[in-house]
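Close look at the chain arrangement
Below are the chains, spelled out letter by letter.
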Amino acid sequence: MKQEKIKAAFEQIEEGIAAIDTDKDWLQFLTFQSRFYNYSVGNTMLIYQQNPQASFVKGYRAWNDLARYVKKGSKGIAILAPCVRKAKSEDDVVDRLNCKNDADEKDKKVVTGFRIAYVYDIADTDGSDEFLPVLVKGVSGNSDRERDIYEKLRDIVSQEHLVLEVTGTASKGAYNIETGIISINTDYDYLQRIKTLLHEYAHAVDFTMNPGEDIKKNVRELVAESVAFVVMQYLGFDTSSYSIGYIKSWMKDAEELKDVAATVQRIASNIIDKLLEAMDGVDDQKD
């Protein structure tokens, strides 16, 4: 029975990704993905299919640690939890349908399989809001906050790339793959600068992660704008009116969206983690 449930979960992930066939579907999934930025693409899809209204999920005990309690009769959302063992000199092929945990915290670990675990959305809980993350409670948006986010993001990116603030240029921003320099047009307001810097930084990370020259330009642009959209959504800024046109202009084939999903997840998660640390973010969801 357990193996059947695990197999069904993997099939559900594949079916969900296969169902993404338009730019609208993609933006809708990215919006959802922004709430679960550091879950795997597979688990995000599982949560999305079971409860598309979910906004913040945790396991039963994790909710208790936050002084909240799962309501009686609430239905858990099934996700896949990795099982690990202590790494051996010779790694064998992972059987994703079987699960054995035998690794201590200090051991180097390898994944041996998966098991079904259950999480619950915040809407299915009662209790205190005191220990919830700031970004889950909600924060006000104004020009001071936008300036603060931009400056912190610029400082983060500047640790890896020279960021030039320019004026009077035709473009909102640019990333030079040869020099690694990122340019941001400061003629625009802070909100636009945040989105542009995220887009150009995503390019830089993408080219580092995936340096292959055979990757098409439109795929690079899909990754960069999708990452910017996810991070902006997480921060509480809706850029769909801008991003949907941009994504439409670069999407040649809906199949490409499925190919870039994992890359978008990895880059967006990395950027959000850095921003949360810089902004003294507290507690986040772990996969």
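Structure shown above.
Residues numbered from 1 in each chain as written. Predicted model: local features only at pLDDT ≥ 70, side-chain atom pairs only at ≥ 80, totals over all residues. Heavy atoms only, no water.

**A short note on helix H7 (residues 190-209)**
Across its 20 residues, H7 extends 28 Å between first and last C-alpha, which sits within 8% of the 28 Å expected from 1.5 Å per residue. Counting buried positions along H7 yields 15 of 20 residues, so the element is predominantly enclosed. (Helix = DSSP H or I, 4+ residues; strand = E, 2+ residues; numbered from the N terminus. Expected span 1.5 Å × (residues − 1). Buried < 20%, exposed > 50% of the residue type's maximum accessible area, 1.4 Å probe, protein only.)

**Here we look at helix H10 (residues 255-278)**
Counted at 1.5 Å a residue, the expected span for H10 with its 24 residues is 34 Å, and the 36 Å between its end C-alpha atoms agrees. Approximately 40 degrees is the largest bend angle found in H10, and it occurs at Ala 261. (Bend = angle between axes of the 7 residues up to and from the residue.)

**Concerning the sheet that holds strand E3 (residues 77-86)**
Judged by pairing direction, the sheet is antiparallel, and its 3 strands sit side by side in the order E1-E4-E3 without closing on themselves. The open sheet has two free edges, formed respectively by strand E1 (57-58) and E3, since each of these has just one partner strand. As judged from the 2 bridges shared by E1 and strand E4 (residues 109-121), these two strands associate in the antiparallel manner. Bridge pairing in E4 places Lys 58 opposite Tyr 120. Lying over the sheet, helix H3 (residues 41-50) contacts E1 and E3, oriented at roughly 160 degrees with respect to E3. (Pairing = 2+ DSSP bridges. Contact = heavy atoms within 4.5 Å. Axes fitted to C-alpha atoms, helices over the stretch in contact; angles between N-to-C directions.)

**Quick word on the sheet that holds strand E7 (residues 173-175)**
If you trace the 3 strands from one edge of the open sheet to the other, you get E6-E8-E7, paired in mixed fashion. A strand with exactly one partner marks an edge of an open sheet, and here the two such strands are strand E6 (163-166) and E7. If you compare each strand with its neighbour and ignore which way they point, the axes differ by 15 degrees on average. Of the pairings in the sheet, the one linking E6 to strand E8 (residues 182-185) comprises 4 bridges and is parallel in character. In the strand pairing of E8, Leu 164 is matched with Ser 183. Packing of H7 onto the sheet brings it into contact with E7 and E8, and relative to E8 it is tilted by some 165 degrees.

**So, unusual backbone geometry**
Positive phi is not limited to glycine here, since Ala 67 has a value of about 65 degrees. With respect to the helices and strands, Ala 67 occurs in the loop between helix H4 (60-65) and strand E2 (68-70).

**Here's the deal with the packing of helix H2 (residues 23-33) against H10**
Between H2 and H10, the least distance of the axes is 12 Å, while the angle of their chain directions is 20 degrees. Overall, the two elements H2 and H10 adopt an arrangement that is roughly parallel. Two packed elements cross with a definite hand, and for H2 against H10 that hand is right-handed. Here H2 contributes Trp 26, Leu 30 and Gln 33 to the contact with H10, which in turn contributes Leu 257, Val 260, Ala 261, Val 264 and Gln 265. Its residues placed into classes, the contact of H2 with H10 shows 6 nonpolar, 2 polar and no charged. (Parallel < 35°, antiparallel > 145°, perpendicular 65-115°, else oblique. Left-handed = near helix turned anticlockwise from the far one by under 90°. Nonpolar A, V, L, I, M, F, W, Y, C, P; charged D, E, K, R; others polar.)

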